[in-house]
Amino acid sequence: MIFDYFSMNQEIKKILQDIYKDHRLQEVDLDYTVVDAYKVDFDRLAKLSNKCFFIVDLHTFKYIYTSENFKDIFGYLPIGEYDASSVDDKLLDSKIHPDDFFEYKKNLLRVGKFLMQKPKEERPGYKHIFELRIRNIQGQYVRVSWERDSLETDKSGNLWLMLGIIHVLSDQSETTKLKSFFINLKTGEHIPFDSPQDPQFELTVREKEILGLIQQGLLSKEIADRLSISVNTVNIHRQNILHKMQVNNSLEAVARGRKSGILK
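It should be emphasised that the depicted structure is a prediction, and the values quoted were computed from it without experimental measurement. (Residues numbered from 1 in each chain as written. Predicted model: local features only at pLDDT ≥ 70, side-chain atom pairs only at ≥ 80, totals over all residues. Heavy atoms only, no water.)

1. Regarding the overall build of the protein
Stated precisely, the cut-off is as follows: Helix numbers and strand numbers start at the N terminus; a helix is a DSSP run of H or I with at least 4 residues, a strand a run of E with at least 2. By definition in these notes, contact holds between two residues if any of their heavy atoms fall within 4.5 Å. Accessibility throughout is a Shrake-Rupley quantity obtained with a 1.4 Å probe, and a residue counts as covered only by protein chains that appear here.
The helix and strand tally for the protein stands at eight helices and seven strands. By sequence separation, contacts in the protein at least 24 residues apart represent 63% of the contacts at least 6 residues apart. For the protein, the computed accessible surface area is about 14,000 Å², with 51% contributed by carbon and sulfur atoms.

2. Details of the packing of helix α5 (residues 205-215) against helix α7 (residues 231-245)
Selection criterion: Interaxial angle, 0 to 180 degrees, is taken between N-to-C directions of lines fitted to C-alpha atoms, where a helix line uses only the stretch in contact. Our angle categories are set so that under 35 degrees counts as roughly parallel, over 145 as roughly antiparallel, 65 to 115 as roughly perpendicular, and the remainder as oblique. Residues are grouped as follows: nonpolar covers Ala, Val, Leu, Ile, Met, Phe, Trp, Tyr, Cys and Pro; charged covers Asp, Glu, Lys and Arg; every other residue, Gly included, is treated as polar.
Where α5 contacts α7, the axes come no closer than 10 Å and their chain directions differ by 95°. Judged by the inter-axis angle, α5 sits roughly perpendicular to α7. Of the residues in α7, those touching α5 at R206, E207, I210, L211 and I214 are H237, R238, N240, I241, K244 and M245. Grouping the constituent residues of the contact of α5 with α7 by class yields five nonpolar, two polar and four charged.

3. Overview of the sheet that holds strand β2 (residues 62-66)
This is how it is decided: For two strands to pair, DSSP has to find at least two bridges joining them.
As summarised here, the arrangement of the seven strands in space is β2-β1-β5-β4-β3-β6-β7, forming an open sheet in which the pairing is antiparallel. With one partner strand each, in any of the chains shown, β2 and β7 (190-192) form the two edges of the open sheet. Strand-to-strand, the axes of this sheet are offset by a mean angle of 30°, without reference to chain direction. Pairing of strand β4 (residues 141-153) with strand β5 (residues 159-168) involves nine bridges; the strand directions are antiparallel. What sits directly across from T153, in β5, is L159. Lying over the sheet, helix α4 (residues 98-116) contacts β3 (126-135), β4, β5 and β6 (179-184), oriented at roughly 170° with respect to β3.

4. Details of the packing of aromatic side chains
The criterion, for reference: Stacked, tilted and edge-to-face pairs are distinguished by plane angle, under 30 degrees for stacked and over 60 for edge-to-face with tilted covering the rest, among Phe, Tyr and Trp rings (Trp via its six-membered ring) whose centres lie within 6.5 Å. Note on exposure labels: buried denotes an accessible area under 20% of the residue type's maximum, exposed denotes more than 50%, and partly exposed covers the range between, all computed with a 1.4 Å probe on protein chains only.
For the coordinates displayed, the defined rule picks out 14 aromatic pairs. Ring plane angle 10° and centroid distance 5.9 Å describe the contact between Y38 and F42, whose orientation is recorded as stacked. Placement of both Y38 and F42 in helix α2 (residues 33-48) is noted, with a separation of four residues, approximately one turn of the helix. The exposure classification of Y38 matches that of F42, with both residues buried.

5. A closer look at the packing of helix α1 (residues 10-19) against α4
Angle between the axes and distance between the axes: these two values describe a pair of packed helices. Rules: Helix crossings fall into two classes, left-handed where the near helix is turned counterclockwise from the far one by less than a right angle and right-handed where it is turned clockwise.
Look at α1 against α4: their axes get within 9 Å of each other, and the N-to-C directions meet at 15°. Classified by the angle their axes make, α1 and α4 are roughly parallel. The handedness of the crossing between α1 and α4 is right-handed. Residues E11, I12, I15, L16 and I19 of α1 lie in contact with α4, whose contacting residues are F101, Y104, K105, L108, L109, G112, K113 and M116. Among the residues making up the contact of α1 with α4, the classes are represented as nine nonpolar, one polar and three charged.

6. A few points about the environment of E209
Let me state the cut-off plainly: Counted as a polar contact is a pair of N or O atoms within 3.5 Å, where, for protein atoms, one must be capable of donating a hydrogen and the other of accepting one, and residues adjacent in sequence contribute only when both atoms are in side chains.
Here E209 lies in helix α5. Here the alpha-carbon distance between E209 and I223, two residues 14 residues apart in the chain, equals 9.7 Å. Within polar-contact distance, the side chain of E209 engages the side chain of R206 at 3.0 Å.

7. Looking at the pattern of salt bridges
Selection rule: One side-chain nitrogen of Lys or Arg within 4 Å of one carboxyl oxygen of Asp or Glu is enough to make a salt bridge.
Enumeration over the complete set of coordinates arrives at 13 salt bridges. For D41, the salt bridge goes to R44, with nearest N and O atoms at 3.4 Å. Of this pair, D41 and R44 both sit in helix α2, three residues apart, which is roughly one turn of the helix. The partner of R133 in a salt bridge is D100, and the shortest N-O contact between them spans 2.9 Å. Linking R133 in strand β3 with D100 in helix α4, this pair joins segments that are 33 residues apart in sequence. The class of D100 is buried, set by a relative accessible area of 2%. Each of E11, K105 and E252 takes part in a single network of salt bridges with overlapping partners.

See the structure below:
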């Protein structure tokens, strides 16, 4: 059976691969014929509601299905296999607000590990929900509920297909804080799962100045010229900033700088 697979942000794909690295799903144990029935059901539900649906295949770590109404609400047009020339703006995950995306990545890893620590038979009994901001078709960031449910397991009970449901929240008063929580489907228990507070950090005046120039999009050579210092000195400051802020790259540093109030 042949399906159209849709690309996933490579950072998110890597996180999911890390979470489910011990799954060892085997294609021979996966009945992909069930997907066609799900597509029919979710296409019908999408037409009757303002909810968007997608299915993640934890064997291939790709989107195996996205409902057509993504186009109307988020302007999202699925694309095929990921390659260097792919337009990132057409990836579902690229619609997330940059600040929320930084938190989303950290939180996704934590909630995945939490779920995988549960006994295998209990994992399908948990629903996880994010509340975050996504850019809509008008180019505005709106707050949405991003829900993840277990849809299918393999013959051994390993999570295989995950259902995603996204809808715009009627209450748009909360505009910044990403929220994350589980719902135990058996007991109805609501389990808050926000990221812990970031560790405190302190940048020097020069480091704050350089971070501000990085936010403006300046390269190391341009920053060096602006501040009349060497490129090597700029790069040392950049590494110190990443180390102090405990981030992996300049984009994450800028996002955390905005969140902490260092940057506007």
